[in-house]
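Residue-level structure breakdown
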Amino acid sequence: GHKVICDFRTNDVALGGQGAPLVPIGDRLLFSEYDFCLNLGGISNISFEQNGKRLAYDIGLANMILNHITQKVGLAYDKDGQLARKGTLNKVLLQQLNALEFYSLSFPKSIGFEWFVEKVVPIVDDTKDSMENQLHTAIHHICEQVAIQVKQQVLKTENTLLVTGGGALNSFLIETLQEKLGSTIKVETPSKTLIEYKEALVFAFMGVLRLEQKINCLSSVTGAKRNSSSGVVFLAN
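Residues numbered from 1 in each chain as written. Predicted model: local features only at pLDDT ≥ 70, side-chain atom pairs only at ≥ 80, totals over all residues. Heavy atoms only, no water.

Strand order in the open sheet made by the 5 strands is 4-3-2-5-6, with mixed pairing throughout. The open sheet has two free edges, formed respectively by strand 4 (53–61) and strand 6 (185–188), since each of these has just one partner strand. The average undirected angle you get between the axes of adjacent strands in this sheet is 20°. Bridge analysis of strand 5 (residues 159–164) against strand 6 gives 4 bridges, and the strand direction is parallel. Looking across to strand 6, one finds that Thr160 is bridged to Lys186. Helix 7 (residues 131–153) rests against strand 2 (36–40), strand 3 (43–50), strand 4, strand 5 and strand 6 of the sheet, and its axis sits at about 160° to strand 4. Packed onto the sheet, helix 8 (residues 171–181) meets strand 2, strand 5 and strand 6 and runs at close to 170° relative to strand 6. (Pairing = 2+ DSSP bridges. Helix = DSSP H or I, 4+ residues; strand = E, 2+ residues; numbered from the N terminus. Axes fitted to C-alpha atoms, helices over the stretch in contact; angles between N-to-C directions. Contact = heavy atoms within 4.5 Å.)

With that out of the way, let us pick up the packing of helix 3 (residues 63–71) against helix 6 (residues 113–125). At a closest axis distance of 11 Å, the pairing of helix 3 and helix 6 adopts a crossing angle of 50°. With respect to helix 6, the axis of helix 3 lies oblique. Where helix 3 crosses over helix 6, the handedness of that crossing is right-handed. Facing Met64, Ile65, His68 and Ile69 of helix 3, the residues of helix 6 in contact are Phe113, Phe116, Val120, Val121, Val124 and Asp125. When its residues are assigned to classes, the contact of helix 3 with helix 6 shows 8 nonpolar, 1 polar and 1 charged. (Parallel < 35°, antiparallel > 145°, perpendicular 65-115°, else oblique. Left-handed = near helix turned anticlockwise from the far one by under 90°. Nonpolar A, V, L, I, M, F, W, Y, C, P; charged D, E, K, R; others polar.)

Below, the structure written as structure tokens:
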């Protein structure tokens, strides 16, 4: 009995876009005080302003690889990165992960679970090392790739990076990320509520923009031929 707005991707794909990422409109309008918005979900993606345009793309791996490693021994995830903290770096695994072709592609770009299964799982499953060492190495890989992308865009002496998504709850990951970014970029993690629900908040906001026929899908991040007000509206009976 409620009006529902959903399916935000299809229209963007029809306009030649990838249908992702969608959250950057929320980053621009709701979290503009931050220079960068980083989401650490299954994958890592980033959003920032450059020359008056919002740019955003998938960086690469995040919780997907960490959870895959722990689930092999029956653990859903590595709480606070406690297991990863105990490990040491596996240089061969790190080199293999850093060599993934996706990292050399130009944006806009996005990946999904299928890419992970095809390209990453074989590397991890062929690695004969302890779970702790694999987790430790995976976190260093995640943070190195994020740092590469952020440092390429830094123009100021002081910058802020907002981190949300499940990875923001991994204290070892956040510490490692701050270490690799250095002192000019401050990593900020918000409240647990915002960490867990930022994406849901932005999708609800996109629904509001759709009802008001305002732009909610940015061509600068999806690669579509124009911005759009996307989403299918199902009216209540």
